[in-house]
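# Fold and contact review
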Amino acid sequence: KDNRYVTVGEPVTLEVTANSEQPINVISASLSYPDDLISIASTSKINSIITLWSEEPKSEDGVVHFSGGIISPTGFSGTGTVITLHVVPLKPGNASITFEEMHMLAHDGTGREVACTQNPLTLFIREKGLASPDVNQDRRVNIFDLGLLSANILLKYEPLYDLNNDGKVSLSDLIIIFSTMRHNSNLGSLVLFWDK
């Protein structure tokens with residue numbers, strides 16, 4: 001899982017990316033998201049590897065649907081953007097964005113299904129004004145943030161490290177970092193990338 005930290009009202013850009021070692025010519029998927037926690041402000045097909053859309057990217061009732069083909073003599077292989085989502089967090093919570101359906105078809109004349117794994121993404125949404133668990137601002141919550149915060153527990157109070165806004169830097173703040181740490185995973189055939 002690819003986990004990210006954001007605040008209410010902070011615009012976020014997500015990319016749906018296809019990754020295939022063998023040539024493909026059709027991509028179809030549905031993404032599910034909690035529409036009480038996030039809003040899909042817009043979708044974009046700019047720079048998409050899909051050249052012929054059978055279903056334009058459309059968001060409704062907590063689901064984004066899209067499908068299309070790749071018009072090319074050799075199909076598509078490698079890694080490329082399928083669609084871009086512009087998201088706005090609405091209120092605090094953990095917003096998981098997952099693939100409900102995914103299909104990739106081989107560019108070999110058979111139309112056979114290409115094995116498709118997924119990489120869901122969770123946006124950890126917090127109120128405005130709270131310090132970020134991404135202490136070093138590298139757009140990842142990881143062991144480096146944990147180390148920086150740990151080192152500052154015994155030093156002079158710095159609001160940057162007070163993640164729960166309780167007026168002190170303590171074990172409670174370390175727990176917040178643990179709960180939002182990014183876990184490494186292998187990239188699947190269709191993945192979501194955070195491109196804030």
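So, here is what we can say about the structure in this document. Keep in mind that what you see is a predicted model, and the values were worked out from it rather than measured.

## Focus on unusual backbone geometry
Positive phi is not limited to glycine here, since Asn-47 has a value of about 65°. Structurally, Asn-47 is set in the loop between strand S3 (38-44) and strand S4 (52-60). Positioned with a positive phi, Asn-165 is a non-glycine residue whose angle comes to about 55°. Its location among the elements puts Asn-165 in the loop between helix H1 (143-152) and helix H2 (171-180).

## Description of the pairing of strand S7 (residues 93-106)
In terms of strand pairing, strand S2 (residues 12-32) meets S7 through eight bridges, oriented antiparallel. Bridge assignment links Ala-29 to a residue of S7, and that residue is Met-102. In this structure, S7 lies alongside strand S9 (residues 121-126), joined through five bridges in antiparallel fashion. Within the sheet, the bridge partner assigned to Ala-95 lies in S9 and is Leu-123.

## Let's talk about the nonpolar core
What tends to happen in soluble globular proteins is that the nonpolar side chains get buried as a cluster. Counting 35 residues, the largest nonpolar core has Ile-27, Phe-66, Val-82 and Leu-123 as the members making the most contacts within it. Those elements giving two or more residues to this core turn out to be S2, S3, strand S5 (63-69), strand S6 (76-89), S7 and S9. Here this core gets eight residues from one element, more than from any other, and that element is S2. Look past the residues within four positions of Phe-66 in its chain and what remains in contact with it is Val-16, Ile-27, Ser-28, Ala-29, Leu-31, Trp-53, Glu-55, Pro-57, Val-82 and Ile-83. Counting 12 residues, the second largest nonpolar core, distinct from the first, contains Tyr-5, Tyr-161, Leu-163 and Leu-174.

## Comments concerning the pattern of salt bridges
Within this structure, the stated rule accounts for three salt bridges. Of the charged contacts in the structure, one is a salt bridge between Lys-45 and Glu-56, with a shortest N-O distance of 2.5 Å. Of the two residues, Lys-45 is situated in the loop between S3 and S4 and Glu-56 in strand S4; the sequence distance between them amounts to 11 residues. Owing to a relative accessible area of 44%, Glu-56 belongs among the partly exposed residues under this scheme. Of the charged contacts, one joins Asp-108 and Arg-112 as a salt bridge, the two residues approaching to 2.9 Å between their closest N and O atoms. The class for Arg-112 is partly exposed, based on a relative accessible area of 38%.

Conventions used here
- Residues numbered from 1 in each chain as written.
- Predicted model: local features only at pLDDT ≥ 70, side-chain atom pairs only at ≥ 80, totals over all residues.
- Heavy atoms only, no water.
- Helix = DSSP H or I, 4+ residues; strand = E, 2+ residues; numbered from the N terminus.
- Pairing = 2+ DSSP bridges.
- Core = buried A, V, L, I, M, F, W, Y, C linked by side-chain atoms within 4.5 Å.
- Buried < 20%, exposed > 50% of the residue type's maximum accessible area, 1.4 Å probe, protein only.
- Contact = heavy atoms within 4.5 Å.
- Salt bridge = Lys/Arg side-chain N within 4 Å of Asp/Glu carboxyl O.

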